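Secondary and tertiary structure notes
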Amino acid sequence: MKKTYRWDNLTRPEIEKLRDKDAIVIIPLGSTEQHGPHLMVGADALLSTAISEQVAQKLTAEGHPAVVAPTISVGNSIHHMDFPGTITLKPETYMQMLLEYCECLAHHGFKKIAMINGHGGNNLPTQTAIININEKLGFPVYFMSYECGSEREIDGILETQPHGIHACEMETSVALHFFPDLVDPSYKEISYGGITKENGGRAPGKPYTFRRFKSRTPIGMIGNACAASPEKGQKLVDQMVGRLAELIAELW
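**Considerations on the side chain of His38**
One can find His38 in the loop between strand 1 (24-29) and helix 2 (43-61). Judged by relative accessible area, His38 falls into the buried class, the value being 2%. Setting aside residues no more than four positions away along its own chain, His38 makes contact with Ala167, Thr172, Leu182, Val183, Asp184, Ser186, Tyr187, Ile190, Met221 and Ala225.

This is the structure in structure tokens:
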């Protein structure tokens, strides 16, 4: 069935009509990388796309025409390359791709562009790329995580960790909600890192360095997948979609 909120389902005249309505273009950002023993390697791209589609539908229903552009499903995943299944771009290649992608949208007359990201490894190169993108296009392009703006609500839904980590309670719950057939049942027995509500927080001011993910976990995940459920996934998605739609609507 045709999805009118997906760019790749539309004809050229339909895209022209969206341009004439000054529609918001949402670009889902993800990755193709290992997600431990239980989640699919396309998790980040699949989840960011599914959430972006709901955000676009909600924005459109509220009077803000929106469309989801084709997902960027390979990103910066160098830190996962010790694990099979991972496909990555160099950060500079990824940043150049984002620039050229946004140049195409701007060339066709779209000036409201928001990226919704599902992969932590994309954060730094995307933020850096946006410097050049905004300078080149002459208008602001925005970037946010699908977890963005909802940490308080997420912390209230999760039972064993305060936010998403990797293939954890949060990410596995969202995957169980959208794609239950793609989640291996072994998730019910999997956790790593001794993560709790108290020790799982992001430490402000902590010195940063690049590290391969295998130096942090031998099984390719951190967190408590065993605590995940589709019911939590539904609650998380409802919070994320509502908050993202609100944030994006306020940008223009």
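Still more ground to cover, so stick around.
**A closer look at the sheet that holds strand 2 (residues 66-68)**
The 4 strands are arranged 2-1-3-4 in an open sheet whose pairing can be described as parallel. Strands at the two margins of the open sheet, each flanked by one partner only, are strand 2 and strand 4 (142-145). Strand after strand, the sheet turns through a mean of 25° between neighbouring axes, direction not considered. Taken together, the 3 bridges between strand 1 and strand 2 define a ladder with parallel strand orientation. Looking at strand 2, one finds that Ile24 is bridged to Ala66. In this fold helix 2 packs onto strand 1, strand 2 and strand 3 (112-117), with an angle of close to 165° to the strand it touches most, strand 1.

**Some points on the pairing of strand 3**
Burial of strand 3 is extensive: 6 of the 6 residues sit out of reach of the surface. Side-chain alternation along strand 3 places Lys112, Ala114 and Ile116 on one buried face and Ile113, Met115 and Asn117 on a second face that is also buried. As defined by bridge partners, strand 1 adjoins strand 3 across 6 bridges and the pair is classed as parallel. Looking across to strand 3, one finds that Ile26 is bridged to Ala114.

**Section: the state of the cysteines**
This model, assessed by the stated rule, comprises 0 disulfides. Here Cys104 is not disulfide-linked; the sulfur of Cys102 is the nearest cysteine sulfur, at 9.2 Å. Residue classification places Cys104 among the partly exposed residues on the basis of a relative accessible area of 45%.

Conventions used here
- Residues numbered from 1 in each chain as written.
- Predicted model: local features only at pLDDT ≥ 70, side-chain atom pairs only at ≥ 80, totals over all residues.
- Heavy atoms only, no water.
- Helix = DSSP H or I, 4+ residues; strand = E, 2+ residues; numbered from the N terminus.
- Buried < 20%, exposed > 50% of the residue type's maximum accessible area, 1.4 Å probe, protein only.
- Contact = heavy atoms within 4.5 Å.
- Pairing = 2+ DSSP bridges.
- Axes fitted to C-alpha atoms, helices over the stretch in contact; angles between N-to-C directions.
- Disulfide = S-S within 2.5 Å.

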